[in-house]
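# An overview of the molecular structure
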Amino acid sequence: MLWKACFSWKVWEMRWMQMHKQKLVVGTRSSQLALWQADFVIGELAKKYPELVVEKRLMTTKGDKILNAPLAKIGGKGLFTKELETAMLEGEIDIAVHSLKDMPVVVPEGLVITAITQRADPGDAFVSPKYESFQQLPAGAKVGTSSLRRKAQLLHARPDLQIEDLRGNVNTRLRKMEEENFDGIILACAGLKRLGFGDKIRQVLPRAMCLPAVGQGALAIECRQADKETRELLEFLNDRCTRLCTEAERGFLATVEGGCQVPVGVHAVSAEAGIRVEAVIASLDGSTLLRDALEAEVKDAQEARAVGVNLAEKLLARGGREILRSIGIEV
């Protein structure tokens, strides 16, 4: 009877394709990692809907063009998403594949994050040409990162280090590590592993030292809110656990500021009661760092987001508001 069930499913799928969308235009940035992410989603679509025609369209964002300045100085909102979102709203592409950590917490009107994939390793990786761990770095060592979040937390743990800005794609940063004599650099574990550079990871930084960015390790698929056919098409890519955890993280970020370039780290995981969210707010030099966690039972994304909001309000009341105000962020 199994062959009958398989045959029936295939017939249903073919009829679905005949009645619904038969072509999908996927927008992506042209970096090697962005292309991997888009190809991953396209591959999953091909397995689920073999009759679907998928076209990939490469685009360049503001964040890709400006590589000689820290992200925080050129504006943190939508640096890697705006051009893709404009193309969606104008009907040039149907969906865009993003690293969720690059997405602002407010999605433009008319668009929606329709799927969040199962999360890969969300950690931060220590990469070094000569040291086995972050702890082995000598006083005054030169460490590269483009993230205020990482810089603040690393300086809190090791104020003796020299933290310098490091921009570019994964390949560029690995090359600069050698050419510019960095003692170590910090990159996302997920990106390194997806590009086949997992062997470069000397150490995954302990969460007690460095909490990840909001949504780090997860992919977000964005489309037009009114495009119900496409949203239904992509529903199978949603991972419920990842969705709940990242909703909590994005709720936290929305409450403390809303941008990607602020010195905060937040990470949510499944817990016995539902989810557990841990977060930090730190001064830029790492001299002050507030950390707290909250665990709660949640049934849906709205409840998960509320946990993140509650944790943010808790940290803001403990002094987080003053820390953010000191770097020009009013909450």
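Right above here is the structure, for reference.
None of the values given here were measured: they were computed from a predicted structure.

Right, let's get into the overall build of the protein. Looking only at helices and strands, the protein has 11 helices and 13 strands in total. Burial status across the protein gives 53% buried among its 331 residues. Taking as baseline every contact in the protein between residues at least 6 positions apart, the subset at least 24 positions apart corresponds to 71%. If you sum the accessible surface of the protein, you get close to 15000 Å²; carbon and sulfur atoms cover 51% of it.

Right, let's talk about the sheet that holds strand 7 (residues 162–164) for a bit. One open sheet accounts for 5 strands, arranged 7-6-8-5-9; its pairing is mixed. Strands with a single pairing partner mark the edges of an open sheet, and in this sheet they are strand 7 and strand 9 (203–204). Two strands pair when backbone bridges link them, and strand 6 (residues 142–144) and strand 7 are joined in this way by 3 bridges, in the parallel orientation. Each residue of the ladder has a partner; that of Val143, found in strand 7, is Ile163. Against the sheet, helix 6 (residues 148–157) contacts strand 5 (124–127), strand 7 and strand 8 (184–188), and its axis sits at roughly 130° relative to strand 8.

Here Thr246 shows up in helix 10 (residues 240–256). Setting aside its immediate chain neighbours within four residues, Thr246 contacts Leu100, Ile116, Arg119 and Gly215.

Disulfide: a covalent bond connecting the sulfur atoms of a pair of cysteines. Here the structure, examined in full by the defined rule, presents 0 disulfides. Of the cysteine sulfurs around Cys241, a residue in no disulfide, the closest is that of Cys245, at 4.3 Å. On the accessibility criterion, Cys241 (36% relative accessible area) is partly exposed.

A few words on helix 5 (residues 82–89). Structurally, the α-helix is built with 3.6 residues per turn, so residues lying three or four positions apart point the same way. Within helix 5, burial applies to Leu84, Glu85, Ala87 and Met88. Each buried residue of helix 5 sits inside an arc of 160° when the element is viewed along its axis, so together they form one side. Backbone geometry just after helix 5 places Gly91 at a positive phi near 80°.

On to the packing of helix 10 against helix 11 (residues 301–325), then. Contact geometry of helix 10 with helix 11 gives a least axis separation of 7 Å together with a crossing angle of 35°. Where helix 10 crosses over helix 11, the two elements pack in a sense that is right-handed. From helix 10, Leu244, Glu247, Ala248, Arg250, Gly251, Phe252, Ala254, Thr255 and Val256 reach across to helix 11, where they touch Ala301, Ala304, Arg305, Gly308, Val309, Leu311, Ala312, Glu313, Leu315, Leu316 and Leu324. For the contact of helix 10 with helix 11, the class distribution of residues is 13 nonpolar, 3 polar and 4 charged.

Two side chains of opposite charge can pair, provided their charged atoms sit close to one another. This structure, assessed with the given rule, holds 25 salt bridges. A salt bridge links Asp39 to Lys56, with the shortest nitrogen-to-oxygen separation between them at 2.6 Å. Of the two residues, Asp39 is situated in helix 2 (residues 32–48) and Lys56 in strand 2 (residues 53–59); the sequence distance between them amounts to 17 residues. With a relative accessible area of 39%, Asp39 lands in the partly exposed category. Residues Arg150 and Asp124 are paired through a salt bridge, measuring 2.8 Å at the closest nitrogen-oxygen approach. Linking Arg150 in helix 6 with Asp124 in strand 5, this pair joins segments that are 26 residues apart in sequence. In this structure Arg150 comes out as buried when scored by relative accessible area, which is 6%.

With that out of the way, let us pick up the packing of aromatic side chains. This structure, assessed with the given rule, holds 3 aromatic pairs. Between Trp36 and Phe40, the ring centres sit 5.6 Å apart and the planes meet at 0°, which makes this aromatic pair stacked. On the criterion of helical spacing, the pair formed by Trp36 and Phe40 is a turn pair, its members being 4 residues apart in helix 2. Using a relative accessible area of 31% as the deciding quantity, one classes Trp36 as partly exposed. Judged by relative accessible area, which is 32%, Phe40 ranks as partly exposed. Between the aromatic rings of Tyr49 and Phe236, the centroid separation amounts to 5.8 Å while the plane-to-plane angle is 85°, which identifies the pairing as edge-to-face.

For a regular strand, side-chain orientation follows a simple rule: the groups alternate between the two sheet faces. Residue alternation in strand 5 divides its side chains into two sets, Asp124 and Phe126 and Ala125 and Val127, and both sets are buried. Relative to strand 8, strand 5 runs antiparallel, the two being bridged by 4 bridges. Within strand 8, the residue paired with Asp124 across the bridge is Ala188. With 2 bridges joining them, strand 5 and strand 9 adopt antiparallel strand pairing. Looking across to strand 9, one finds that Phe126 is bridged to Gln203.

The subject of this paragraph is the nonpolar core. Taken as a class, soluble globular proteins show a tendency for nonpolar side chains to be buried jointly. Membership of the largest hydrophobic core comes to 27 residues, with the highest contact counts inside it found for Phe252, Leu253, Val256, Val264, Ile275, Val277 and Ile281. Of all the elements in the fold, those that place two or more residues in this core are helix 10, strand 11 (264–271), strand 12 (274–282) and helix 11. When residues of this core are assigned to their parent elements, the largest contribution, 8 residues, is made by helix 11. Residue contacts for Phe252: discarding those within four places in its chain leaves Val264, Val266, Ala279, Ile281, Gly308, Val309, Leu311, Ala312 and Leu315. Core analysis: the next-biggest nonpolar cluster, separate from the first, contains 16 residues, Leu24, Val41, Ile42 and Leu237 among them.

Thresholds, definitions, all that
Residues numbered from 1 in each chain as written. Predicted model: local features only at pLDDT ≥ 70, side-chain atom pairs only at ≥ 80, totals over all residues. Heavy atoms only, no water. Helix = DSSP H or I, 4+ residues; strand = E, 2+ residues; numbered from the N terminus. Buried < 20%, exposed > 50% of the residue type's maximum accessible area, 1.4 Å probe, protein only. Contact = heavy atoms within 4.5 Å. Areas by Shrake-Rupley, 256 points an atom, 1.4 Å probe, with all protein chains shown as cover. Pairing = 2+ DSSP bridges. Axes fitted to C-alpha atoms, helices over the stretch in contact; angles between N-to-C directions. Disulfide = S-S within 2.5 Å. Arc of directions from axis to C-beta. Left-handed = near helix turned anticlockwise from the far one by under 90°. Nonpolar A, V, L, I, M, F, W, Y, C, P; charged D, E, K, R; others polar. Salt bridge = Lys/Arg side-chain N within 4 Å of Asp/Glu carboxyl O. Phe/Tyr/Trp six-rings, centres within 6.5 Å; stacked < 30°, edge-to-face > 60°. Core = buried A, V, L, I, M, F, W, Y, C linked by side-chain atoms within 4.5 Å.

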